[in-house]
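Results of the structural survey
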Amino acid sequence: MALQILLNVVIALTWMFLSVSFKPSTFIVGYVLGLLMLWMLRKSFSSRFYLERIWAVIKLVILFLKELTLSNIAVLLLIIKPKMPIRPAIFAMPTVLEKDWEITLLSSLITLTPGTIVIDISDDNKILYIHSIDFDNVDDAINSIKDTFEKAILEVSKS
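Along each chain, the written sequence defines residue order, and numbers are assigned to residues from 1. For this predicted model, a pLDDT threshold of at least 70 governs which residues receive local features, and a threshold of 80 or more governs which side-chain atom pairs are given and counted, while totals over whole chains, interfaces and linings are taken from all residues. Only hydrogens and water are removed before side-chain values are computed, so all heavy atoms of the structure are retained for them.

So, about the sheet that holds strand β3 (residues 127-132). Two strands make a pair as long as DSSP finds a minimum of two bridges between them. Put simply, DSSP marks the helices as runs of H or I at least four residues long and the strands as runs of E at least two long, and each gets a number from the N terminus on. In spatial order, the strands read β1-β3-β2; together these three strands make up an open sheet with antiparallel pairing. Strands at the two margins of the open sheet, each flanked by one partner only, are β1 (89-94) and β2 (116-121). With strand direction ignored, the average angle separating the axes of adjacent strands in the sheet is 30°. Across six bridges, the pairing between β1 and β3 is antiparallel. Comment: axis = line fitted to C-alpha atoms, over the contacting stretch for helices; angle = value between 0 and 180 degrees taken between N-to-C directions.

Right, here's the structure in full:
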């Protein structure tokens, strides 16, 4: 990925020198032309096209912001109810993530989402123990996390 970005910048700078114009707009045109060239040559690189990974990161950030907003609203609705009908629980969620940074990112995203917190990770990094402030069903909670955060992290980390 770093090689592709470097190549793209070199192509943009080369375009500036060939155009004999050192304006930012010339650099942008060269960068877009470099993107097109790298996209056409994407099969010759060992890793995937870097814009795909950047797009996956953007989707993960948008997903987190959406989940953050929805969980904030859900916790707020729990708080303003007079009887506070909460059902706290701790459950174990198996994960398919293998790298330390993936598990750390998943744990952080879960913890930063109001109403949930990762309290422990198994020694083999395969199970996350999660506390939820309002809990209905184990399978629903696990599938919700797997279908959102875990899936998005896998999309970012795939080669």
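This part is about the packing of aromatic side chains. Two descriptors summarise a pair of aromatic rings, namely the distance from one centre to the other and the angle between the planes of the rings. Side-chain rings of Phe, Tyr and Trp, where Trp is taken by its six-membered ring, are said to pair if the distance between their centres is within 6.5 Å; with planes under 30 degrees apart they count as stacked, over 60 as edge-to-face, and otherwise as tilted. What the rule picks out here adds up to five aromatic pairs. Ring centres of F17 and F22 lie 5.5 Å apart, and the angle between their planes is 70°; this geometry places the pair in the edge-to-face category. Across the pair, exposure class does not vary: F17 and F22 are exposed alike. Either the NZ atom of lysine or the CZ atom of arginine qualifies as a charge over a ring when it sits within 6 Å of the ring centre and within 35 degrees of the ring normal. Sitting over the face of the ring of W39, R42 holds its NZ or CZ atom 4.2 Å from the ring centroid. Throughout this description, buried means an accessible area under 20% of the type-specific maximum (1.4 Å probe, protein chains only), exposed means over 50%, and partly exposed covers the range between.

Here the focus is the nonpolar core. The criterion is simple. A nonpolar core is a set of buried Ala, Val, Leu, Ile, Met, Phe, Trp, Tyr and Cys residues joined through side-chain atoms within 4.5 Å. Within the largest apolar cluster, 23 residues are counted, with the highest numbers of intra-cluster contacts made by F91, L106, I110 and I130. A per-element tally of this core places helix α5 (residues 138-157) first, with seven residues. Contacts are residue-level and defined by heavy atoms, with any inter-residue pair within 4.5 Å sufficient. Excluding its chain neighbours within four sequence positions, the residues that come into contact with I130 are A89, I90, F91, M93, I110, T116, I117, V118 and I145. With five residues, the next largest nonpolar core counts L35, L38, F45 and Y50 among its residues.

So, about the pattern of salt bridges. Basic side-chain nitrogens of Lys or Arg form a salt bridge, by our definition, when they fall within 4 Å of a carboxyl oxygen of Asp or Glu. Within the structure shown, the criterion is met by six salt bridges. Between K66 and E67 there is a salt bridge, with the nearest N and O atoms lying 3.8 Å from each other. Of the residues examined, E67 reaches a relative accessible area of 17% and is grouped as buried. With a closest N to O distance of 3.8 Å, K158 and E155 form a salt bridge. With relative accessibility at 42%, the residue K158 sits in the partly exposed group. Under the relative-accessibility criterion, E155 is labelled partly exposed at 31%. What emerges from the salt-bridge pattern is a single network uniting R48, E155 and K158.

Two elements in contact, helix α4 (residues 100-112) and α5, have axes whose closest approach is 10 Å; the angle formed by their N-to-C orientations is 145°. Where α4 crosses over α5, the handedness of that crossing is right-handed. In contact with W101, E102, L105, L106, L109 and I110 of α4, α5 contributes I145, F149, E150, I153, V156 and S157. Grouping the constituent residues of the contact of α4 with α5 by class yields nine nonpolar, one polar and two charged. Throughout, a crossing is termed right-handed when the near helix is turned clockwise from the far one, and left-handed when it is turned anticlockwise from it by less than a right angle. Residue type decides the class: Asp, Glu, Lys and Arg count as charged, Ala, Val, Leu, Ile, Met, Phe, Trp, Tyr, Cys and Pro as nonpolar, and the leftover types, Gly among them, as polar.

Now for the environment of S144. Along the chain, S144 turns up in helix α5. Spatially, the C-alpha atom of S144 lies 46 Å from that of T26, the residues being 118 residues apart in sequence.

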